[in-house]
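In case you want the letters, here they are:
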Amino acid sequence: MTTSETTGRDWSATLYLPKTDFPMKAGLPQLEPRLLARWEKLNLFRRLREASRGRAKFILHDGPPYANGNIHIGTALNKILKDVVTRSQQMLGHDSNYVPGWDCHGLPIEWQIEQEYRAKGRDKDSVPVNEFRRECRAFAQHWIGVQMAEFKRLGVEGDWSHHYSTMDYKAESIIAAEIMKFAMTGALYRGSKPVMWSVVEKTALAEAEVEYHDYQSDTVWVKFRVIRTSTEAESDPAGLLGASIVIWTTTPWTLPGNRAISFSDKIAYGIYEVTASPDGNWARPGDRLVLADRLAEQVMKAAKVDGFRRIGSVSAQDLGAAFCAHPLRVLGYTFPVPLLAGDHVTDEDGTGFVHTAPGHGREDFEIWMANAQNLIRWRIDPAIPFTVDADGRLTKDAPGFEGRQVLTEKGDKGDANDAVIKALIEAGALIARGRLKHQYPHSWRSKKPVIFRNTPQWFIAMDKALPGPAVADWTGAGGTRERTLRNLSLRAIADTEFVPQAGQNRLRGMIEARPDWVISRQRAWGVPITVFSHKQTGEVIPGPQFPRSEELMHRIGSAIASIGADAWFEPGARERFLAGLVADPFMWEPATDILDVWFDSGSTHAFTLEDAQAFPTLAGIRRQRDGGADRVMYLEGSDQHRGWFQSSLLESCGTRGRAPFDVVLTHGFVLDEKGLKMSKSLKNVIAPQEVIKASGADILRLWVTASDYADDLRIGPEIIKTFAETYRKMRNSLRWMLGTLAHYDARQKVSVKAMPELEQLMLHRLWELDGIVRKAYAEYDYKRVVATLSHFMNTDLSAFYFDIRKDALYCDPPSSMKRKAALETIEQIFRATTTWLAPLLCFTAEEAWLSRYPSEDGSVHLEAFAKIPATWRNDDLAEDWEKVKKVRRVVTGALEVERASKKIGSSLEAAPRVFISDDELYAALDGTDFAEVCITSDIAVKEVLEGLIPAEAFTLPDVPGVGVVFAKAEGTRCARSWRFTKDVGEDAAYPELSARDAAAMHEKDKLAAGVDAP
């Protein structure tokens, strides 16, 4: 009953019910663009910088996304995380700055323009290189614009008007300057090593540009006949002469490049004689084969041998003195093949011996070079042949196979394997062949297999001694180590904070094991390697021995800063750069390769963090070693340990002796709801644009921040629905607070000491949460922030405090101390909760803040996290109320049973009896209006001795000593508050109301009539 039967008065209209324009339904897809426009009009980024001037800086340096397409869900994850970092660090009290940037050079864009050329029947090589480069630049510029709009739509706040790109003229000039710094230390050199080579794209690839897919390879078991067992004499104690070392390989096409066989001194080897085999078999009776003991049976099975026996052991010393004939000797491979001990050899599979082609594998190259002096002593040419050209064809260094293709221009298997296998059969060198499906490296762009190919490339040395002081040991052992790029990098890793910590070990392991950095690419779109090599001496300038290096570097840098890296490719560029600096410019060859794009992105710190003119908001950074408290974070996916994190570390350590970052944070990848990788063929791709269109960016932001980003994240329609529901509950809590605070009067503040215990408890809870939330934000633990706030808003607020206080807030008169205390407490809860949510739900928090504090130029994002006074802490009160809540749970459980059986509809219809045998729980209720806490019209609490709780009482196993017996409330229901009391009708002016509500109405009516109420 809400309308009076006697007066016709609508009692619900007399309640102080919530009033707000903050809608229940968010309408985020429509709201968010309006807020973005407002922030742009406010120039929020500039306002943030002004508000935080003088604070310690926290810089999130943007790992540049590639400017070649719309963003995907993984990009959205990355950008949202970055925005949450910068917003939360700003609200923690830093000057937290984010300058967005883009990676613009490299093969993906060049490949796209080439495809457009092919579609039009044009030949890239017939177009002037700078004309082609201009088309690449225009393509990248278009996608920067597209991606910028998409990033903004996610709610990402940054210095968009001063974004960086690696193709800006100034940036290109600095990238060129950075590679010339390496030249000046002598760390840059041109050498010949096997690198991963894409035949399709005709360029070397970095490890970060390679992914592994299933591939079916031809496999062969090949005999290398032992022709000599000692360099000093023809002694043969092990009986090796005439026996054959057997190797197994999945790349038969590399056998023309074979120059050695590797073995291990940790493996037991034996000589095995074939005793029986089928007619026509490649392995014949009488063949003596040298094999690892553990693998002999497996090899004989592959060779279809019917019988064999072990006739002797072979020591590592015996093997180290042996030389074999190349199995293709009849085609001109007449050089001896030595056996070399190597740690990379195992007896897990194969034969226990590794075919070693130094031009086709890193380990092959390393063991060959490590034995260079021995090779010379043995009168073996240590030169590494160039057996495969850029098109994947075998060269004249592979006699008998010249022109054969390893891979075609489309990335398909060529005819080289078949040709080599046929030659091996004819030479009687094959004992078995087969096929193997295994993981093999592919270019991540073309998705085609790559090959390992010996080519001339530019390298940055990892272990060359560099100018400067020794490096402090990073292992805790004390002392120093030689100043090399590897050691500098390992020292820097030890000095860096990693989130999660496991990233440190991962990056350290990669740096410890990595070879010299291949920084050259045989393409057109990028920053050139701006050095010259002397045609006769090979000297590189600029360089440490060239006295006019600084002037040359200045000329190159100025030209590129003026017209971009195209300056290097302009006709007559060599003469203009070298004029007056060298005797004959034409004796100096300009490098024709461009820089690996990882060097570009690894140099971004140099033209953002250090360029105060271009990026004034980043000026004056003082890092820890500089005596300052400013910090720089790098944040990317975990794959960037082998990509951007590593290239940035190497570039900065090589030029500055330290890492460019203080904190490295990594996140996982995005999978579908079943944990599968997203692909168009599976139709499981979730596009961020579609999620935003349907649900809003704040739902995506909630998904990102509630997830454990350190692991792979899952997303799909059902997961989005779950987060939409979580969001709805949080929004409803904000909405209720806003509606209730419509009745708040800041002039009627109540001191904390004057507040009821329940309000003091909630303020204590805010103090507790403040420590948890601040710590979680400081540690980048956003899932803990979401979980903490979600629990607080749903459980502590909606299901507890709000539920209890609704009666006083709606029904008590304006003069009620309880009501005023509750309003003051909710004001503090709203301010704290909204600022805590602001980094996560940037749009919703702003909407709520402006609804509460309307302002032309205000924003929740200009606020710091609410300051919670330490005086609100009250541990004793919180401990007592935990006991009150325990008893309340038993009462609530008992009422749920009665509600389920339809005995009551509302808890106000109940007046339960509570029996307590636990002294501490009983004492905690002293002075508490427990009926109000349980939202019942009345309640009776009785202390009983242990064991005297009525048998029919409702109990909970986890709250021993408490029993509840249900009883219906007595009296009459108040038409205004719906509470059952015995004093309804005592006030003749309001015969349908309880005494409390009648008093409230007297006060309300007097105020309405302009009469001052008490």
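Each remark here, short or long, concerns the structure printed above.
Every value quoted in this text rests on a predicted model; they were computed, and no experiment measured them.

Calculation rules
- The numbering scheme is per chain: residues are counted from 1 as the chain's sequence reads.
- Under the rules for a predicted model, residues below a pLDDT of 70 receive no local features and side-chain atom pairs below 80 are neither given nor counted, while totals for whole chains, interfaces and linings still include all residues.
- Only hydrogens and water are removed before side-chain values are computed, so all heavy atoms of the structure are retained for them.
- Here a helix means four or more residues in a row that DSSP labels H or I, a strand means two or more in a row labelled E, and each is numbered from the N terminus.
- In this setup the radius of gyration rests on C-alpha atoms only. A globule is expected at 2.2 Å times the number of residues raised to 0.38.
- Exposure classes here rest on a 1.4 Å probe applied to the protein chains alone. A residue is buried below 20% of its type maximum, exposed above 50%, and partly exposed in between.
- Any pair of residues with heavy atoms lying within 4.5 Å of one another is described as a contacting pair.
- Per-residue and other accessible areas follow the Shrake-Rupley method at a 1.4 Å probe size, with only the shown protein chains counted as cover for residues.
- Working definition: rings of Phe, Tyr and Trp (its six-membered ring) pair if their centres are within 6.5 Å, and the pair is stacked with planes under 30 degrees apart, edge-to-face with planes over 60 apart, and tilted otherwise.
- A carboxyl oxygen of Asp or Glu within 4 Å of a side-chain nitrogen of Lys or Arg is what we treat as a salt bridge.
- By this definition, two strands are paired if DSSP reports at least two bridges between them.
- Consider the strands pointing away from the viewer: the crossover is right-handed when the path from the first strand over the helix to the second runs clockwise.
- What counts as an axis is a line fitted to C-alpha atoms, over the stretch in contact for a helix, and the angles between N-to-C directions run from 0 to 180 degrees.
- Should an angle fall under 35 degrees it is taken as roughly parallel, and over 145 as roughly antiparallel, whereas 65 to 115 is taken as roughly perpendicular and any remaining angle as oblique.
- Here a crossing is taken to be left-handed if its near helix is turned anticlockwise relative to the far helix by less than a right angle, and right-handed if that turn runs clockwise.
- Throughout this entry, Asp, Glu, Lys and Arg are counted as charged residues, while Ala, Val, Leu, Ile, Met, Phe, Trp, Tyr, Cys and Pro are counted as nonpolar. The remaining residues, Gly among them, count as polar.
- What qualifies as a polar contact is a pair of N or O atoms within 3.5 Å, subject to a donor-acceptor requirement within protein and to the restriction that residues adjacent in sequence count only when both atoms come from side chains.
- The definition of a nonpolar core used throughout is a set of buried Ala, Val, Leu, Ile, Met, Phe, Trp, Tyr and Cys residues joined through side-chain atoms within 4.5 Å.
- Candidate patch residues must exceed 30% relative accessible area and have no salt bridge, after which like charges are joined if within 9 Å and Val, Leu, Ile, Met, Phe, Trp or Tyr side chains if within 5 Å.
- The charge count treats Lys and Arg as positive and Asp and Glu as negative. His and the chain ends do not count.
- By convention, charge coordinates are those of NZ in Lys, CZ in Arg, CG in Asp, or CD in Glu.
- In this analysis, the expected span of each helix is defined as 1.5 Å times one less than the number of residues it contains.

**Here's the deal with the overall build of the chain**
Helices and strands together make up the secondary structure of the chain, namely 29 helices and 35 strands. In terms of overall dimensions, the chain is more spread out than a globule: its C-alpha atoms have a radius of gyration of 38 Å, far above the 31 Å expected for 1014 residues. If one aligns the C-alpha atoms of the chain with their principal axes, the spans along those axes are about 125 × 75 × 60 Å. Scored against the burial criterion, the 1014 residues of the chain give a buried share of 57%. By sequence separation, contacts in the chain at least 24 residues apart represent 75% of the contacts at least 6 residues apart. Here the chain displays about 42500 Å² of accessible surface, and carbon together with sulfur accounts for 51% of that area.

**Some points on unusual backbone geometry**
Only a minority of non-glycine residues have a phi that is not negative, and only a minority of peptide bonds are not trans. A cis amide bond, omega -5 degrees, links Val499 with the succeeding residue Pro500. Turning to its location among the elements, Pro500 is positioned in the loop between strand 20 (497–499) and helix 13 (502–513). Here the bond from Ile541 into Pro542 is cis, since omega is -5 degrees, no more than 30 degrees from zero. By the secondary structure assignment, Pro542 is in the loop between strand 24 (540–541) and helix 14 (549–563). Its identity as a non-glycine residue notwithstanding, Arg379 has a phi of 60 degrees, on the positive side. Note on placement: Arg379 falls in the loop between helix 10 (372–377) and helix 11 (416–426). Since its relative accessible area comes to 80%, Arg379 is described here as exposed. The phi angle at Lys902 is positive, at roughly 70 degrees, despite the residue not being glycine.

**Observations regarding the packing of aromatic side chains**
Enumeration over the complete set of coordinates arrives at 29 aromatic pairs. Pairing Tyr164 with Phe607 gives two aromatic rings, centres 5.8 Å apart and planes at 75 degrees, and the pair type is edge-to-face. One end of the pair, Tyr164, is in strand 4 (residues 164–165); the other, Phe607, is in helix 17 (residues 604–608), with 443 residues separating them in the sequence. A single burial state applies to Tyr164 and to Phe607, both of which are buried. Between Phe800 and Trp881, the ring centres sit 6.3 Å apart and the planes meet at 75 degrees, which makes this aromatic pair edge-to-face. Of this pair, Phe800 sits in helix 23 (residues 782–811) while Trp881 sits in helix 26 (residues 875–900); the two residues are 81 residues apart in sequence, bridging distant segments of the chain. Residue Phe800 shares its accessibility class with Trp881, and that shared class is buried. Following the ring pairs from residue to residue traces out a cluster consisting of Tyr634, Trp644, Phe645 and Phe661.

**Some thoughts on the pattern of salt bridges**
Overall, the coordinates contain 77 salt bridges when judged by the stated rule. A salt bridge links Glu497 to Arg631, with the nearest nitrogen and oxygen atoms 3.0 Å apart. On the criterion of sequence distance, the pair formed by Glu497 in strand 20 and Arg631 in strand 27 (residues 631–637) is long-range, its members being 134 residues apart. What makes Glu497 partly exposed here is its relative accessible area of 31%. On the accessibility criterion, Arg631 (24% relative accessible area) is partly exposed. A salt bridge links Arg731 to Glu847; the nearest nitrogen and oxygen atoms lie 3.0 Å apart. Separated by 116 residues along the polypeptide, Arg731 in helix 21 (residues 717–740) and Glu847 in helix 25 (residues 842–852) bring together distant segments of the chain. Connected through salt bridges with shared partners, the residues Asp807, Asp812, Arg976, Arg979, Arg996 and Asp997 form a single ionic network.

**Describing the pairing of strand 28 (residues 663–667)**
Taken across its five residues, strand 28 has five buried, putting it largely inside the fold. Residues Val663, Leu665 and His667 line one face of strand 28 and the alternating positions Val664 and Thr666 line the opposite face, and both faces are buried. With three bridges joining them, strand 20 and strand 28 adopt parallel strand pairing. Bridge pairing links Glu497 to Val663 in strand 28. Relative to strand 28, strand 27 runs parallel, the two sharing five bridges. Along strand 28, the bridge assignment pairs Tyr634 with Val664. Chirality of the crossover, the property in question, places the unit of strand 27, helix 18 (residues 644–656) and strand 28 among those that are right-handed.

**Structural notes on the packing of helix 23 against helix 24 (residues 817–837)**
Angle between the axes and distance between the axes: these two values describe a pair of packed helices. Interhelical geometry of helix 23 versus helix 24 gives an angle of 160 degrees and a closest axis separation of 11 Å. Judged by the inter-axis angle, helix 23 sits roughly antiparallel to helix 24. Here helix 23 and helix 24 pass one another in a crossing that is left-handed. Contact residues: helix 23 offers Leu789, Phe792, Met793, Leu797, Tyr801, Phe802, Arg805, Ala808 and Leu809, while helix 24 offers Lys818, Arg819, Ala822, Leu823, Thr825, Ile826, Ile829, Thr833, Trp836 and Leu837. A class-by-class count of the residues in the contact of helix 23 with helix 24 yields 14 nonpolar, two polar and three charged.

**Quick word on the environment of Arg701**
If you trace the backbone, Arg701 turns up in helix 20 (residues 697–706). Expressed as a C-alpha distance, the spacing of Arg701 and Glu366, which sit 335 residues apart in the sequence, is 48 Å. Once you skip the residues sitting within four places of it in the chain, Arg701 turns out to touch Ile80, Asp83, Val84, Arg87, Leu154, Gly155, Val156, Pro839, Leu840 and Cys842.

**Comments concerning the environment of Asp293**
Note on placement: Asp293 falls in the loop between strand 11 (288–292) and helix 7 (296–302). Contact partners of Asp293, with chain neighbours within four places excluded, come to Ala268, Tyr269, Gly270, Tyr272 and Arg310. Separated by 3.1 Å, the side chains of Asp293 and Arg310 make a polar contact.

**A look at the nonpolar core**
Membership of the largest hydrophobic core comes to 151 residues, with the highest contact counts inside it found for Trp703 and Phe930. Ranked by residue count, the leading element in this core is helix 23, at 14 residues. Apart from residues no more than four positions distant in its own chain, Phe930 is found in contact with Val884, Val887, Arg888, Val891, Val914, Leu925, Ile939 and Val941. Ala171, Leu188, Phe577 and Leu595 belong to the second-largest nonpolar core, a separate cluster that totals 71 residues.

**Re the sheet that holds strand 23 (residues 532–534)**
If you trace the three strands from one edge of the open sheet to the other, you get 24-23-25, paired in antiparallel fashion. This sheet does not close on itself; its edge strands, each paired only once, are strand 24 and strand 25 (588–590). Relative to strand 25, strand 23 runs antiparallel, the two sharing three bridges. Looking at the pairing, Ser533 lines up with Glu589 of strand 25.

**Focus: the sheet that holds strand 20**
An order of 2-1-27-28-20 is seen for the five strands of this open sheet, with the pairing classed as parallel. Looking along the sheet, the strands with just one partner apiece sit at the ends: strand 2 (95–99) and strand 20. Between one strand axis and the next, the sheet turns through 20 degrees on average, direction left out of account. In the sheet, strand 1 (residues 57–61) pairs with strand 27 via four bridges, with the strands oriented parallel.

**Looking at the side chain of Glu114**
Relative to the elements of secondary structure, Glu114 occurs in helix 4 (residues 107–119). Glu114 sits in the buried class, given a relative accessible area of 8%. Looking at Glu114, its side chain comes within polar contact range of the side chain of Lys124, at 3.1 Å. Apart from the residues lying within four places of it in its own chain, the contact partners of Glu114 are Lys124, Phe132 and Arg523.

**Some words on the packing of helix 4 against helix 5 (residues 129–153)**
One way to put it is that helix 4 packs onto helix 5 with a least axis distance of 9 Å and a crossing angle of 110 degrees. Classified by the angle between their axes, helix 4 and helix 5 sit roughly perpendicular to one another. When the axes of helix 4 and helix 5 are compared, the crossing they make is right-handed. Of the residues in helix 5, those touching helix 4 at Ile109, Glu110, Gln112, Ile113, Glu114, Glu116 and Tyr117 are Phe132, Glu135, Cys136, Phe139 and Ala140. Its residues assigned to classes, the contact of helix 4 with helix 5 comprises seven nonpolar, one polar and four charged.

**Observations concerning a negative patch on the surface**
On the surface, a cluster of negative charge is contributed by Glu757, Asp876, Glu879 and Asp880. Ranked by residues supplied to the negative patch, first place goes to helix 26 with three residues.

**A word on helix 5**
End to end, helix 5 covers 37 Å across 25 residues, agreeing with the expected 36 Å (1.5 Å per residue, within 8%). Remark: Gly155 follows helix 5 within two positions and exhibits a positive phi of approximately 95 degrees.

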